[in-house]
Amino acid sequence: MSVLVNKNSKVIVQGFTGTEGTFHATQMIEYGTQVVGGVTPGKGGTKHLERPVFNTVSDAVKETGADVSIIFVPPGFAADAIMEAAEAGIELIVCITEGIPVQDMIKAKNFLVGRNSRLIGPNCPGVITAEEAKVGIMPGFIFKKGNIGIVSKSGTLTYEAADQVVKAGLGVSTAIGIGGDPIIGTPTKDAVELLMNDPETVGIIMIGEIGGSMEADAAKWIKENGTKPVVGFIAGQTAPPGRRMGHAGAIIGGADDTAAAKMKIMAECGVHVVASPADIGKTMAEVLKTAKA
């Protein structure tokens, strides 16, 4: 079992023939992901990386049976790419693009309502089910198969957590990089819920950052419904209020947006909160040992 992607996922790449699309599609194929083709308008009927190129997502789905799409499309066109994938019936849409205008994302998010499509991102590293499928830009060699699920707003901290989990003698079931923009498809709570319901995942690492209420919402859900231990970390503990830090969504707008406030809520809800990212792996190992005892 895994969540979102596995060795049977059929993946297409939107923006397939561009520099980013080509580079990361090559890496995904090398990892063992079933990349069945790609979309670049105007280049339909050609081949790229020994796979067919289509003019539209709809054509790609008809010909390949693709159920997953990854988007490497410039910000001005990325929201349209998301909507095109949803309209074509793609079940999982992973949008890597950073800097999509907020108004475009509002439109895309509304378009997804009532459709059978889940969006991960934008501005995210993607999703990886260790040693099965990588739909994203993460360094695959870090992720070894195991039973720890990772949900993270930060790409870099996703890799850091995976590395620590492996070094602690554990491994990763699925890691979900949800993205750091103000408007994203799958919030922290929904990603945690997917892993909580996955029979192969025995523990969850939840990495958040300042800004918004996603981590607090997830923590409250965990308190009510959690059946597995969760280790949490919040980035941005020294960030000044009112200044955006890195991600577009990482800005302290009120008292509940600070790292300290989020960490307090998480701890009160039973999440094992660590003050430093260096403690993520060993804390997870300790918590699991205690749970078994």
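Residues numbered from 1 in each chain as written. Predicted model: local features only at pLDDT ≥ 70, side-chain atom pairs only at ≥ 80, totals over all residues. Heavy atoms only, no water.

Per an unreviewed UniProt entry, the protein goes by the name Succinate--CoA ligase [ADP-forming] subunit alpha and belongs to Chitinophaga rhizophila. According to the UniProt record, the Pathway (unreviewed entry) comment for the protein reads "Carbohydrate metabolism; tricarboxylic acid cycle; succinate from succinyl-CoA (ligase route): step 1/1." (UniProt positions renumbered as here; feature names shortened; annotations may be inferred.)

Moving on, we come to the overall build of the protein. Within the protein, the regular secondary structure consists of 9 helices and 14 strands. By the compact-globule yardstick of 19 Å for 293 residues, the protein fits well, its C-alpha radius of gyration being 19 Å. Dimensions along the principal axes, computed over C-alpha positions, put the protein at roughly 55 × 40 × 30 Å. Expressed as a percentage of the 293 residues in the protein, the buried residues total 55%. (Helix = DSSP H or I, 4+ residues; strand = E, 2+ residues; numbered from the N terminus. Rg over C-alpha atoms; globule rule 2.2 N^0.38 Å. Buried < 20%, exposed > 50% of the residue type's maximum accessible area, 1.4 Å probe, protein only.)

Moving on, we get to the pattern of salt bridges. Summed over the entire model, instances satisfying the criterion amount to 8 salt bridges. With a closest N to O distance of 3.1 Å, Lys-189 and Glu-193 form a salt bridge. Of the two residues, Lys-189 and Glu-193 are both situated in helix H6 (residues 188-196); the distance of 4 residues between them amounts to about one turn of the helix. For Lys-189, a relative accessible area of 26% translates into the label partly exposed. Residue classification places Glu-193 among the partly exposed residues on the basis of a relative accessible area of 27%. (Salt bridge = Lys/Arg side-chain N within 4 Å of Asp/Glu carboxyl O.)

Moving on, we come to the packing of helix H7 (residues 214-225) against helix H8 (residues 259-268). Axis angle and axis distance: for two packed helices, these are the angle between their axes and the distance between the axes, and together they describe the pair. At a minimum axis distance of 8 Å, the contact between H7 and H8 shows a crossing angle of 5°. Taken together, the axes of H7 and H8 lie roughly parallel to each other. The segment H7 lies against H8, with Glu-215, Ala-216, Ala-219, Lys-220 and Lys-223 engaging Lys-262, Ile-265, Met-266 and Glu-268. In terms of residue class, the contact of H7 with H8 is made up of 4 nonpolar, no polar and 5 charged. (Axes fitted to C-alpha atoms, helices over the stretch in contact; angles between N-to-C directions. Parallel < 35°, antiparallel > 145°, perpendicular 65-115°, else oblique. Contact = heavy atoms within 4.5 Å. Nonpolar A, V, L, I, M, F, W, Y, C, P; charged D, E, K, R; others polar.)

Taken together, the 7 strands give an open sheet; going across it, the order is E9-E8-E11-E10-E12-E13-E14, and neighbouring strands pair in mixed fashion. The open sheet has two edge strands, strand E9 (133-136) and strand E14 (272-273), and neither has a second partner. Packing against the sheet, helix H5 (residues 155-167) makes contact with strand E10 (145-152), strand E11 (172-177), strand E12 (203-209) and strand E13 (230-235), and its axis sits at approximately 155° to E10. Contacting E10, E11, E12 and E13, H6 crosses the sheet at an angle of about 165° to E10. (Pairing = 2+ DSSP bridges.)

Here H7 contains 12 residues, and its C-alpha end-to-end distance of 16 Å stays within 8% of the 16 Å for a straight helix at 1.5 Å per residue. Structurally, H7 contributes buried residues whose contacts are with H6, E12, E13 and H8. (Expected span 1.5 Å × (residues − 1).)

With that settled, the discussion passes to the UniProt feature "binding site: CoA" (unreviewed entry) in the protein. Under the present numbering, the feature "binding site: CoA" (unreviewed entry) in UniProt falls on Thr-17, Gly-18, Thr-19, Glu-20, Lys-43, Ile-96, Thr-97 and Glu-98. Taken along the chain, the residues just named run across 82 residues; in space they spread out, the farthest C-alpha pair reaching 24.3 Å. Topologically, Thr-17 is positioned in the loop between strand E1 (11-14) and helix H1 (19-31). Not counting chain neighbours up to four residues away, the residues in contact with Thr-17 comprise Thr-22, Thr-40, Lys-43, His-48 and Val-53. On the accessibility criterion, Thr-19 (71% relative accessible area) is exposed.

Here we come to the pairing of strand E6 (residues 92-95). Neither face of E6 is open: one carries Leu-92 and Val-94, the other Ile-93 and Cys-95, and all of them are buried. For strand E5 (residues 68-71) and E6, the ladder comprises 4 bridges, and the chain directions are parallel. Looking at E6, one finds that Ile-70 is bridged to Val-94. Taken together, E5, helix H3 (residues 75-87) and E6 form a β-α-β motif whose crossover is right-handed. Two strands pair when backbone bridges link them, and E6 and strand E7 (residues 118-120) are joined in this way by 3 bridges, in the parallel orientation. Across the sheet, residue Leu-92 finds its bridge partner in E7, namely Arg-118. Chirality of the crossover, the property in question, places the unit of E6, helix H4 (residues 102-112) and E7 among those that are right-handed. (Right-handed = clockwise from strand over helix to strand, strands pointing away.)

In this structure, the largest pocket spans a volume of roughly 200 Å³. Take the lining of the largest pocket: its biggest share by element is 4 residues, from H3. Its residues placed into classes, the lining of the largest pocket shows 8 nonpolar, 3 polar and 2 charged. (1 Å grid on protein atoms, 1.4 Å probe; cavity = no way out; pocket = protein on both sides within 12 Å on 5 of 7 lines; lining within 4 Å. Points joined across faces, edges and corners; volume = space filled by probe spheres on them.)

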